[in-house]
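Letter by letter, the chains look like this.
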Amino acid sequence: MNTVNFFGHQVTKLIIGDNPMNGHSYIEDVTPGSEMVKFYTAERIKEALFRAEECGYNTMLPLADPYMIRVLQEYRRDGGKMQFIFQPYMPMNQDVSIRQMASVEPIGIYHQGTTTDFLYESGRYDEIRANIEKYRALGCP
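Attention in this report is confined to the structure presented alongside it. Just so it is clear, the structure is predicted and the values come from calculations on it, not from any experiment. (Residues numbered from 1 in each chain as written. Predicted model: local features only at pLDDT ≥ 70, side-chain atom pairs only at ≥ 80, totals over all residues. Heavy atoms only, no water.)

1. Regarding the packing of aromatic side chains
Right, so step 1: Overall, the coordinates contain 6 aromatic pairs when judged by the stated rule.
Right, so step 2: Relative to Tyr125, the ring of Tyr120 has its centre 5.1 Å away and its plane inclined at 65°; by these criteria the two rings are edge-to-face.
Right, so step 3: Residue class for Tyr120 comes out exposed when judged on its relative accessible area of 51%.
Right, so step 4: Three or more aromatic residues joined by ring pairs form one cluster here, namely Phe50, Tyr75, Phe84 and Phe86. (Phe/Tyr/Trp six-rings, centres within 6.5 Å; stacked < 30°, edge-to-face > 60°. Buried < 20%, exposed > 50% of the residue type's maximum accessible area, 1.4 Å probe, protein only.)

2. Some thoughts on the nonpolar core
Right, so step 1: Grouped together as the largest cluster of nonpolar side chains are 22 residues, with contacts concentrated most on Leu49, Met60, Leu72, Met82, Phe84, Phe86 and Met101.
Right, so step 2: Those elements that place two or more of their residues in this core are helix H3 (42-54), helix H4 (66-77), strand E5 (83-86) and helix H5 (94-102).
Right, so step 3: The biggest single contributor to this core is H4, with 5 residues.
Right, so step 4: Look past the residues within four positions of Met101 in its chain and what remains in contact with it is Ala64, Ile69, Phe86, Pro88, Pro106 and Ile109. (Core = buried A, V, L, I, M, F, W, Y, C linked by side-chain atoms within 4.5 Å. Helix = DSSP H or I, 4+ residues; strand = E, 2+ residues; numbered from the N terminus. Contact = heavy atoms within 4.5 Å.)

3. Comments concerning a nonpolar patch on the surface
Right, so step 1: A cluster of nonpolar side chains, namely Tyr26, Ile27 and Val30, defines an oily patch on the protein surface of about 380 Å² accessible area.
Right, so step 2: Mapped onto the fold, Tyr26 is located in the loop between helix H1 (19-22) and helix H2 (33-39).
Right, so step 3: With relative accessibility at 71%, the residue Tyr26 sits in the exposed group. (Patch = residues over 30% accessible without salt bridge, like charges linked within 9 Å, V, L, I, M, F, W, Y side chains within 5 Å. Areas by Shrake-Rupley, 256 points an atom, 1.4 Å probe, with all protein chains shown as cover. Salt bridge = Lys/Arg side-chain N within 4 Å of Asp/Glu carboxyl O.)

As structure tokens, this is what we get:
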């Protein structure tokens with residue numbers, strides 16, 4: 001699979017997302033999130049990641065919620081090699097979230113768009129800057 005350089009890391013041009021694993025559906029009337037949550041147990045998430053590795057994927061964009069972090073920690077302990085570019089979990093204290101993200105050594109963190117829009121439209125620019133500085137302090141882009 002083709003890769004591109006992402007701040008010194010080779011990242012596949014196709015990247016795994018985790019919306020189904022977290023039960024996020026854009027078409028709730030067709031695919032309810034509750035069905036996805038029931039299906040994607042921790043074991044199935046790890047199986048999916050190992051299968052993605054077999055298919056040539058090497059990077060995932062996971063939400064850094066506590067459940068997904070625990071699953072990714074298990075995945076790493078089981079020998080998983082996928083790289084992670086995290087979307088922070090904004091309902092959580094960001095200092096705690098950053099420590100949890102660090103436990104699986106991400107290659108990047110991005111400030112989620114909807115959160116950025118909300119803070120910007122609310123005139124809370126300093127919060128955006130403060131969050132980004134916290135992510136940069138972790139030592140990854």
